[in-house]
Structure formats: structure tokens, C-alpha cells
Amino acid sequence: MKVPFYTSVREYNNRKSEFNDAIQSVVSKGDFILGGKVLEFEEEIKDYTGAEYAIGVASGTDALTIAADILGFKDGKEVITSPFTFLASASCVLRNRGKVVFVDIDEDTFEINTDMIEEKINNNTVGILPIHLFDQMANMDRIMEIAKKYNLRVLEDAAEAFGMRWKGNGNTYRHAGTIGDFGIFSFFPTKTLGGYGDGGMIITNDESLAKLAKSYRVHGASKKYHYDYIGYNSRLDTLQAAILSVKLKYIDDAIEKRNKVANIYMENLKDCSYIRLPKIKYEQKGVYYVFNILAEDRDNLANYLKEKEVGYSIYYPMPLHLQRSFEHLGYKKGDFPVSEKISQSIIALPIYPEITEDEVLYVCETIKNFYRK
Ligand SMILES: *Cc1c(COP(=O)(O)O)cnc(C)c1O
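Residues numbered from 1 in each chain as written. Predicted model: local features only at pLDDT ≥ 70, side-chain atom pairs only at ≥ 80, totals over all residues. Heavy atoms only, no water.

Colleague: Mind showing me how you'd approach the pattern of salt bridges here?
Modeller: Any two side chains of opposite charge can pair if their charged atoms end up close together. With the rule as written, the count across this model stands at 23 salt bridges. The closest approach of N and O atoms between Lys-281 and Asp-108, which form a salt bridge, is 3.7 Å. Here Asp-108 lies in the loop between strand S3 (99–102) and strand S4 (125–128) and Lys-281 lies in the loop between strand S12 (275–276) and strand S13 (284–285), a separation of 173 residues in the sequence. Residue classification places Lys-281 among the partly exposed residues on the basis of a relative accessible area of 25%. When the shortest N-O distance is used, the salt bridge between Glu-267 and Lys-270 registers 2.6 Å. By relative accessible area, which is 47% here, Lys-270 ends up partly exposed. When salt bridges with common partners are traced through the structure, they connect Asp-106, Asp-108, Lys-279 and Lys-281 into a single cluster. (Salt bridge = Lys/Arg side-chain N within 4 Å of Asp/Glu carboxyl O. Helix = DSSP H or I, 4+ residues; strand = E, 2+ residues; numbered from the N terminus. Buried < 20%, exposed > 50% of the residue type's maximum accessible area, 1.4 Å probe, protein only.)

Colleague: I keep staring at the domain arrangement of the protein and nothing clicks. Help me out?
Modeller: By a widely used convention, the size of an interface equals the accessible area lost when the partners come together. Taken domain by domain, the protein holds domain 1 (9–103 + 110–249) and domain 2 (251–372). Listed as interface residues are 40 residues of domain 1 and, on the opposing side, 39 residues of domain 2. When domain 1 packs against domain 2, the two sides together hide about 3500 Å² of surface, and 60% of this comes from carbon and sulfur. Taken as a group, Arg-10, Phe-84 and Phe-134 account for 19% of the area that domain 1 buries against domain 2, more than any other trio of residues on that side. Linking domain 1 with domain 2 are one salt bridge. In this structure, the salt-bridge partner of Arg-10 is Glu-359, at a minimum N-O distance of 2.8 Å. Counting the contacts that link domain 1 with domain 2 gives 18 residue pairs in polar contact (both at pLDDT 80 or more). Mapped onto the side of domain 1 that touches domain 2, the elements with two or more residues apiece are helix H1 (9–14), helix H5 (88–95), S3, strand S6 (165–166) and helix H8 (238–249). If one sorts the elements of the side of domain 1 that touches domain 2 by residue count, S3 sits on top with four residues. Grouping the constituent residues of the side of domain 1 that touches domain 2 by class yields 21 nonpolar, eight polar and eleven charged. (Domains from an automatic or database assignment. Contact = heavy atoms within 4.5 Å. Buried area = accessible area lost by both parts, 1.4 Å probe. Polar contact = N/O pair within 3.5 Å; in protein donor to acceptor, adjacent residues only side chain to side chain. Nonpolar A, V, L, I, M, F, W, Y, C, P; charged D, E, K, R; others polar.)

Colleague: When you look at the packing of aromatic side chains in this model, what are you seeing that I'm missing?
Modeller: Centre distance and the angle of the planes are the two values used to describe a pair of aromatic rings. Within this structure, the stated rule accounts for 27 aromatic pairs. On the numbers, 5.8 Å between centres and 40 degrees between planes, the contact of Tyr-288 with Phe-291 is tilted. Summarising the burial analysis for this pair, Tyr-288 and Phe-291 share the class buried. Above the ring of Tyr-250, the side-chain terminus of Arg-15 is found at 3.5 Å from the ring centroid. (Phe/Tyr/Trp six-rings, centres within 6.5 Å; stacked < 30°, edge-to-face > 60°. Lys NZ or Arg CZ within 6 Å of the ring centre and 35° of its normal.)

Colleague: What is the right way to look at the pairing of strand S5 (residues 153–157) in this model?
Modeller: If a strand is regular, its side chains alternate between the two faces of the sheet. Of all the five residues making up S5, four are buried; the element is thus mostly covered by neighbouring parts of the structure. Traced from S4 through helix H6 (residues 140–150) to S5, the parallel crossover comes out right-handed. As paired strands, S5 and strand S8 (residues 182–186) are joined by three bridges and run parallel to one another. Of the residues in S8, the one forming a bridge with Asp-157 is Ile-184. (Right-handed = clockwise from strand over helix to strand, strands pointing away. Pairing = 2+ DSSP bridges.)

This is the structure we're talking about:
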């Protein structure tokens, strides 16, 4: 049996006429740049997440870079984040000539270890950039507490966190990205809410920050051809917005299906002593955007899965502090032992709403067969 790690084709085939109509509606009007569908989709995102403002941009990476620029995560100022993440969580600060200060991750959740943040704060620190990675949010109660104490700004990298909600010690659940000063989403095709190309969104509850973000995405213009800032050309494509609107209608069902798939994995792998299953900590509603296991002899398991045509992915094989492009920060091997250790044994299994139970069971059987050898 061949099990793809990810495919958009099944969902497309299931709702072909809806997706085709959405695309047609844009093309037939020629409404391409910041067209009506972008505004509609921004409204829908506000409704869904509870954010007061939503600004569609060209990618999650651009969303991070623009938000970092506006928050002053730049020009030699220090921003605290984790090295166990996708590049863009840190490159957004470096692109703005800021300094990235890494803190290792929690061994159970792979989120930033909030007990280690305070010791890295100095007079030059301006912000914290937590990443809500894979299946759950970072400890936002603790992060907001520290930010308040030291007067820091918070940019939530919620690229992977669509649908995740944090309660912590609060009274209500708040959507990922709505707790810090800015939050960002990525609509990269594999993401829980993924488009048919690149796309991203900046969200905030702060009116003046929202105004800046809106201006920065159109070259820093306040009105057409009047530029107050040196901004970006980074707009959510209208075709992507139309497609994403269709997907957003069914997102709760899609999330539910992901969680069901995760449960099948957990049920069928729980007795396998060679692997460790994910754990969600604190009062929150996670979403299984990625289903990771920690596996003994990971690289050989990966080869075996490949041989058996089971898709997998490794997020992330090398923490950022060991990347060549980060050499100038002066970090070395051993600086973030938890991130380094996890990167050696982590492996992500196929998960998407359309994967069948038979396929998931086949993935589990294949893994168990590998360790029986
Ligand atoms: C996907 C992702 C991004 C970047 O999003 P793009 O839309 O691909 O630019 C940023 N941070 C994290 C944690 C991501 O997973």
C-alpha cells in the first residue's frame, strides 16, 4: 500500500465544483490584487479566531518579517525564540538586522522552555517569539507574564497553529495568535488551513499595529502612491483567498478528523516500546497539524518506511543554531541539548483529514514490523 505523507488532491476531488467555482469567481472578474475575496476571507478569519484585525499577506514568512519589523525586532535588538523550528521563525529577525537569542525546548512538548527565558533577558531584549509547533501552543500564560514584567513585545508564530486554542489559567479559550501583540498564520499547502500555493496572515487586536501592517504590505503606502514607510510588496493572492474561504467552511470537521487519525496512531502504537508518542500539556485545545513520534533508530526506520512506500517527514533534522546561515551568532553543538537530541529521533507520520483508517493502520503495522526484524 502506498501512503502519501500529504496530498491535496483527495480534498480537491471531494469538493471539486466548490473549488472550481471559487477560482472562476476571481478569474471571471479579473479581481486579482487585494480583490474582494481577500477582504471576505480576512473577515472570516476574524470571526473564526476572534482577532480584531486580520491582514492577508503573501506567506507566513512575510507575515513574520513584516510583524518583526513593525515590533522593532531589528537593528541589533535581541529577540528570544527557540532553535527547534522552521527557519522563518528566526530569519524574520535576522532579515531585519536584529539578534536572535535561542532558548532550548521542553522535552515533552518541543515548545520553548519558558523556565529558561528570564535568564536570557537583558537591557537590549525587546521581544519573545514563541512558536506553536506541531500539535500544541507554547505556554502563553508564562510568556505573557514574562513579557509584562520586562516590557517585551510578543510575536506568536502560529504558522502551524490554525485552530489551536489556549486556556491556561484563564477563563476562556483564546485562539493561537490572538494573545501576543501580533500573531501570524501560514497557508502553505500542507498546513491545517492550507491553500493551493503560498499565503499568510497577520492578526492583532491593536488598531495601530494593524494599520501599520496594512500599510507595510503595500510598500508602506498610506494611500495610493503616498509612502510613509519603506514597506513590502506582500499581499495575499485573491485566488488563494477564494480557495481558503472554501476550506475554512469545513475546518472544524477537518480538525476533528485529524484528531481522530492521531487517536488511531496512539491506540495502535502505544505498546511499541521503541517509540514515544506525543503529549499535550496545559489547559489547551491542540490540533494535530503534525503527528510526530520519537523513534529509536530513526534513520533506519525512515529508510524502511520509504521502502514500504509510507510517506514521512523529519521536522527538523537540524536545529537552527547549527545551520550554516546562523554561524555568525556564535552558537555551537551542545548549546541546546534537548533540541539536538529530539532532532535525532523525531519523525512525522502521514496525517490529513482524507487519510483512511486502513492507511493509518498500515503505517502502524509497518512501523511495528520494522522493530520486529
Ligand atoms: C510554515 C511555517 C512558517 C512559514 O510559512 P510559509 O508560509 O511557508 O512562509 C513559519 N514558521 C513555522 C513554524 C512554520 O511551520
